[in-house]
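# Breakdown of the fold
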Amino acid sequence: MLELEMKLSGRTMMIHPVIVSDRDYWTLIDTGMLGQATDIISYAEQAGITKKPLRSIILTHQDIDHIGGFPGFLSESGEALFEVYAHEADRDVIDGKAGLIKFPPENLAAELKTVPAEVRIAFENVFIRPTKPNVKQLLTDGMVLPVGGGLTVIHTPGHTPGHVSLYHQASKTLIAGDALVIHNGELQPSSPYSTVNMELALQSLEKFTPFDIETVVCYHGGLMHGDINKQIAALITNK
């Protein structure tokens, strides 16, 4: 789990992309905010991970703090030399065929003015004026990706239509994306102010019930151990 400082719309917060390192390659789950590819690559270099190729990027959903760093991983010619995974319901946004569902064009334009020109241009070329699709592989509920010994896809719509969470079987770790957050040391549902359909987001929590979860990684809030299933059950009961 990485820890990056992100600024968005005048707010500063920490976010937590995840790297899964296999013997011969590595996988990145979410790419941070605009321009943060260099920070993620620096983390990977310090851990010795970049001696292996980046095999895939998994995007849990379309929000700008999850896809914003994506252009920084492309080759100089703009090619993705790795697989890019996302859910069908968020695919059009990630492919640049539709606008960000929670980020109006005027807000996006203002945000792009705050970053270096090369970062802005790269983002525009990938998400606003794309010449090709970005998503190469579609994620479906229940599929098991050959990552880290097995990474199970859990479609958890609500925060966005195509939001997915991921369960790492070997470590019993739930990579929750934004389906769960940790706030003041407490596990909580997706934040209402940033969720498209809160009722559906709460229903999606029930999809975690079959999994034996010892650890959860929340994109906003970080890492939590112990009694995760019990805490999620309480959230479901109190929804």
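The structure under discussion appears in the preceding block.
Heads up: these notes are all about the structure in this document. Note that the coordinates shown come from a computational prediction; the quantities given were computed from them, not determined experimentally. (Residues numbered from 1 in each chain as written. Predicted model: local features only at pLDDT ≥ 70, side-chain atom pairs only at ≥ 80, totals over all residues. Heavy atoms only, no water.)

## A short note on the overall build of the chain
- Helix and strand content of the chain: seven helices and 15 strands.
- Compactness check: the chain gives a C-alpha radius of gyration of 17 Å against a globular reference of 18 Å for 239 residues, within 12% of the reference.
- Considered along the principal axes of its C-alpha atoms, the chain spans approximately 45 × 40 × 30 Å.
- Across the 239 residues of the chain, 52% fall into the buried class.
- Across the chain, contacts joining residues at least 24 apart in sequence account for 65% of those joining residues at least 6 apart.
- Charge centroids of the chain, computed over 18 positive and 28 negative side chains, lie 3 Å from each other. (Helix = DSSP H or I, 4+ residues; strand = E, 2+ residues; numbered from the N terminus. Rg over C-alpha atoms; globule rule 2.2 N^0.38 Å. Buried < 20%, exposed > 50% of the residue type's maximum accessible area, 1.4 Å probe, protein only. Contact = heavy atoms within 4.5 Å. Lys, Arg positive; Asp, Glu negative; His and termini not counted. Charge placed at Lys NZ, Arg CZ, Asp CG, Glu CD.)

## Examining the pattern of salt bridges
- One pass over the full model with this rule turns up ten salt bridges.
- Arg120 is paired through a salt bridge with Glu124; the nearest N and O atoms lie 3.3 Å apart. Residue Arg120 and its partner Glu124 are both found in helix 5 (residues 117-128); the two are separated by four residues, about one turn of the helix.
- For Lys207, the salt bridge is made with Asp141, and the minimal N-O distance between the two is 3.2 Å. (Salt bridge = Lys/Arg side-chain N within 4 Å of Asp/Glu carboxyl O.)

## Some thoughts on the sheet that holds strand 14 (residues 215-218)
- Spatial strand order, 8-9-10-11-14-15: six strands in an open sheet with mixed pairing. Bordering the open sheet on either side are strand 8 (144-145) and strand 15 (222-225), each of which pairs with just one other strand.
- Along the sheet face, helix 7 (residues 228-237) touches strand 11 (173-177), strand 14 and strand 15 and points at about 105 degrees away from the line of strand 15. (Pairing = 2+ DSSP bridges. Axes fitted to C-alpha atoms, helices over the stretch in contact; angles between N-to-C directions.)

## Side note on the environment of Phe82
- Positionally, Phe82 belongs in the loop between helix 2 (64-67) and strand 6 (83-87).
- For Phe82, a relative accessible area of 6% corresponds to the buried category.
- As a C-alpha pair, Phe82 and Arg11 span 71 residues in sequence and 32 Å in three-dimensional space.
- Apart from residues no more than four positions distant in its own chain, Phe82 is found in contact with Leu54, Arg55, Ser56, Ile57, Phe70, Phe73, Leu74 and Lys136.

## Looking at the side chain of Thr152
- Relative to the assigned elements, Thr152 resides in strand 9 (residues 151-155).
- Looking at Thr152, its side chain comes within polar contact range of the side chain of Gln169, at 2.8 Å.
- Dropping the residues within four chain positions of it, Thr152 is found in contact with Gly142, Met143, Val144, Ser165, Leu166, Tyr167, Gln169 and Phe211. (Polar contact = N/O pair within 3.5 Å; in protein donor to acceptor, adjacent residues only side chain to side chain.)

## Observations regarding empty space enclosed by the protein
- Evaluated as defined, the whole model comprises two cavities of 30 Å³ or more.
- For the largest cavity, the calculated volume is near 40 Å³.
- As for the largest cavity, its lining consists of His16, Pro17, Val18, Ile29, Asp30, Thr60, Ile175, Gly177, Val217, Cys218 and Tyr219.
- For the lining of the largest cavity, the elements supplying multiple residues, two or more each, are strand 11 and strand 14. (1 Å grid on protein atoms, 1.4 Å probe; cavity = no way out; pocket = protein on both sides within 12 Å on 5 of 7 lines; lining within 4 Å. Points joined across faces, edges and corners; volume = space filled by probe spheres on them.)

Read these as spatial facts, not as claims about activity.
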